[in-house]
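An overview of the molecular structure
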Amino acid sequence: MDQQAETGAIKNLEDMSELVSLCKRRGYVFPSSEVYGGINACWDYGPLGVELKRNVKESWWRAMTDRTDIEGLDAAIMMHPKVWQASGHVEGFTDPLVDCKKCKSRFREDQIDAALVAQKKCPSCGGEITAPRQFNLMFKTFMGPLEDSAAVVYLRPETAQGIYVNFQNVLQTSRQRIPFGIAQIGKAFRNEITPGNFIFRTREFEQMEMQYFVKPGADEASFETWKELRFQWHLSNGIRPEKLRLHQHAEGELAHYAKAAFDIQYEFPFGWQELEGIHNRTDFDLKRHEQFSGKKLEYFDEVGKERYIPYVVETSAGCDRTLLVLLVDAYRAGADRVWLKLHPKLAPYKVGLFPLMKKPELMEYTDRVFADVRKQFRTFVDEAGSIGKRYRRQDEIGTPYGVTIDYDTLSNHTVTIRDRDTMAQERIPAEKICQVLQERIESWKP
Ligand code: ATP
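From a predicted model like this one, the values you see are computed outputs, not experimental measurements.

Quick look at the domain arrangement of the protein now. When cut into domains, the protein gives domain 1 (16–78 + 145–331), domain 2 (94–136) and domain 3 (349–443). Tallying the contact residues gives seven residues for domain 1 and six residues for domain 3. In total, domain 1 and domain 3 occlude about 590 Å² of area from one another, counting both sides; carbon and sulfur atoms represent 45% of this. Considering only the surface of domain 1 that becomes buried against domain 3, R26, L48 and E51 emerge as the three largest contributors, covering 65% of it. Across the salt bridge formed by R26 and E396, the nearest N and O atoms sit 3.0 Å from each other. On the surface where domain 1 and domain 3 come into contact, there are four residue pairs in polar contact (both at pLDDT 80 or more). Every element with two or more residues in the side of domain 1 that touches domain 3 is listed here: helix 1 (16–26) and helix 2 (47–65). Split by residue class, the side of domain 1 that touches domain 3 holds three nonpolar, one polar and three charged.

Put into structure tokens, the structure is as follows:
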């Protein structure tokens, strides 16, 4: 059976609960604090989840910083409270919250159908909903022993502000000239009214943001470039093109800082939703930080002999949401197996190693292969159960290749390499395992 290609219909993910259960069962994502019954919309990454997440970040970081015009940064989560006044978050980072008087459900008014809003009707039970209250999404805490208003600090709701307030530091130390960018990966926190859909919307999450500083007037062209580059990045991770689209924000949808904005959206089982935002933030943020801090945040162009505050094109992707998209997009269910068609460069394990039987001579050979292969590729050795079962287990966690060591291996030093996606098997010399894996990973196509 494993020699053949998949027969019958192959299904994609239709119900998020299938993925949630696979992630729990196999160690991708666990409910947080599960022994205490969990905590709403908080999730922990298990052994496989953490590897996938690292690979996602690595892919993003490389795409950003392999260029000579982008520098990295890792700013603190807690910042001077004035940062959030200047950025507009204290005043304006709010969502309209409505409650149903009958079933007590809570909603974001902007996420309810406009006809229901006009009739003040609850989307769950049809009961009457309250008038909207503006709810600030920033988490507040206190720094130091006194819990008074002078000690209030916020957990950052976006990583971008850490970049703006370090604009001059990075400019001076890196000796970049405009145009250039600053990239950062880090945690952000939002007290979301309606978190949910697994790790799609949580209150604690990681962002991968890059702010690109350009001369005013060059912003629109740069915006177009980054829109394209970011779309291509998601494709380069193996996401199916028909599941991705660009959505332009209409006037009324634009954030307070934005002149133009596009979302890269993905078609989840629960509909088209934002995966990444590309925003033309103009000089809004740097200007505001100049005003609030009293420090100059302008740039001196030595060629043109002019001073200006740069415009900013921002690319803002959720790391957890990218990981969710990768899992949703990779999920396949066939007649008798489930497999994750993850891009091999992102998969937690690149190869499974299987001694056909638990016999000392096969185990010994496997150990030697393992010692060699693991130097280059994350390798999982599995000697338990039938070979078919072992293939299925690796398929289900997305391991792209399997190598089986059998009795022929002992006599002629060849092994069988199996492909997760096609289930095709090929006999290759044992000494070529690393070379073949490398070639296959590099030439893999979705
Ligand atoms: P929404 O309007 O859906 O709340 P947003 O437009 O405010 O989201 P951005 O501020 O543009 O979102 O955030 C940039 C990216 O950060 C999003 O595209 C998403 O990938 C990620 N992100 C934002 N909020 C969350 C969250 N609560 N949980 C997980 N990821 C998030």
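So that's the structure; there's more coming.
This brings us to the site of the ligand. Lining the immediate surroundings of the ligand are 16 residues, of which E192, R201, T202, E274 and L275 lie closest. For the ligand, an oxygen atom lies 2.8 Å from a polar atom in the side chain of R201. Calculation on the ligand without its partners gives an accessible area of 610 Å², and the protein chains cover 86% of this total. Every element with two or more residues in the shell around the ligand is listed here: strand 10 (204–214), strand 13 (271–282) and strand 16 (311–318). When residues of the shell around the ligand are assigned to their parent elements, the largest contribution, five residues, is made by strand 13. Of the residues belonging to the shell around the ligand, the class tally is three nonpolar, six polar and seven charged.

Under the defined criterion, the tally for this structure stands at 36 salt bridges. Residues E298 and R307 are paired through a salt bridge, measuring 3.8 Å at the closest nitrogen-oxygen approach. For R420, the salt bridge identified is with D421, shortest N-O distance 2.6 Å. Residue R420 shares its accessibility class with D421, and that shared class is buried.

Attention now moves to the pairing of strand 13. By the bridge criterion, nine bridges tie strand 12 (residues 260–268) to strand 13 in an arrangement that is antiparallel. Within strand 13, the residue paired with A261 across the bridge is H279. Hairpin connection of strand 12 to strand 13: two residues between the antiparallel strands. Of the pairings in the sheet, the one linking strand 13 to strand 16 comprises six bridges and is antiparallel in character. By the bridge assignment, I278 is partnered in strand 16 with T315.

Turning to the nonpolar core, a few remarks are in order. Counting 54 residues, the largest nonpolar core has L19, Y28 and L324 as its most contacted members. Top element by residues in this core is helix 10 (residues 319–330). It accounts for eight residues. Counting 20 residues, the second-largest nonpolar core is a separate cluster that includes L353, I428, A430 and W444.

The strand order across the open sheet built from three strands is 5-4-6, with neighbouring strands paired in antiparallel fashion. Across the chains shown, the open sheet's two edge strands, defined by having one partner strand only, are strand 5 (106–108) and strand 6 (133–136). Averaged over all pairs of adjacent strands, the angle between their axes in this sheet comes to 45 degrees, without regard to strand direction. Relative to strand 5, strand 4 (residues 94–99) is paired through three bridges, and the arrangement is antiparallel. Bridging from a neighbouring strand, D99 pairs with R106 of strand 5.

Take helix 8 (residues 219–236) next. The terminal C-alpha atoms of helix 8 lie 25 Å apart, and with 18 residues this matches the ideal 26 Å at 1.5 Å per residue to within 8%. When we look at burial in helix 8, the residues that qualify are D219, S222, F223, W226, K227, R230, F231, W233 and H234. Along the axis of helix 8, the buried positions cluster into a sector of 165 degrees, meaning they face one direction only. Two residues or fewer after helix 8 comes G238, characterised by a positive phi angle close to 95 degrees.

Among the six residues that make up strand 22 (residues 414–419), six are buried, leaving the element largely enclosed by the rest of the structure. Neither face of strand 22 is exposed, since T414, T416 and R418 on one face and V415, I417 and D419 on the opposite face are all buried. Two successive antiparallel strands, strand 22 and strand 23 (residues 425–429), enclose a turn made up of five residues, where M423 displays a positive phi of approximately 65 degrees.

In contact at an axis separation of 10 Å, helix 11 (residues 360–373) and helix 14 (residues 433–443) are set at 50 degrees when each is read in the N-to-C sense. The angle between helix 11 and helix 14 falls in the class oblique. At the point where helix 11 passes helix 14, the crossing takes the right-handed sense. Of the residues in helix 14, those touching helix 11 at V369, D372 and V373 are I433, C434 and L437.

The strand order across the open sheet formed by seven strands is 3-9-10-16-13-12-11, and the pairing between neighbours is mixed. Lying at the two open borders of the sheet, with one neighbouring strand each, are strand 3 (70–73) and strand 11 (244–248). Geometrically, the sheet is characterised by an average inter-axis angle of 25 degrees between neighbouring strands, direction not taken into account. Across eight bridges, strand 10 lies against strand 16 in antiparallel orientation.

About the cut-offs
- Residues numbered from 1 in each chain as written.
- Predicted model: local features only at pLDDT ≥ 70, side-chain atom pairs only at ≥ 80, totals over all residues.
- Heavy atoms only, no water.
- Domains from an automatic or database assignment.
- Contact = heavy atoms within 4.5 Å.
- Buried area = accessible area lost by both parts, 1.4 Å probe.
- Salt bridge = Lys/Arg side-chain N within 4 Å of Asp/Glu carboxyl O.
- Polar contact = N/O pair within 3.5 Å; in protein donor to acceptor, adjacent residues only side chain to side chain.
- Helix = DSSP H or I, 4+ residues; strand = E, 2+ residues; numbered from the N terminus.
- Nonpolar A, V, L, I, M, F, W, Y, C, P; charged D, E, K, R; others polar.
- Near = heavy atom within 4 Å.
- Areas by Shrake-Rupley, 256 points an atom, 1.4 Å probe, with all protein chains shown as cover.
- Buried < 20%, exposed > 50% of the residue type's maximum accessible area, 1.4 Å probe, protein only.
- Pairing = 2+ DSSP bridges.
- Core = buried A, V, L, I, M, F, W, Y, C linked by side-chain atoms within 4.5 Å.
- Axes fitted to C-alpha atoms, helices over the stretch in contact; angles between N-to-C directions.
- Expected span 1.5 Å × (residues − 1).
- Arc of directions from axis to C-beta.
- Parallel < 35°, antiparallel > 145°, perpendicular 65-115°, else oblique.
- Left-handed = near helix turned anticlockwise from the far one by under 90°.

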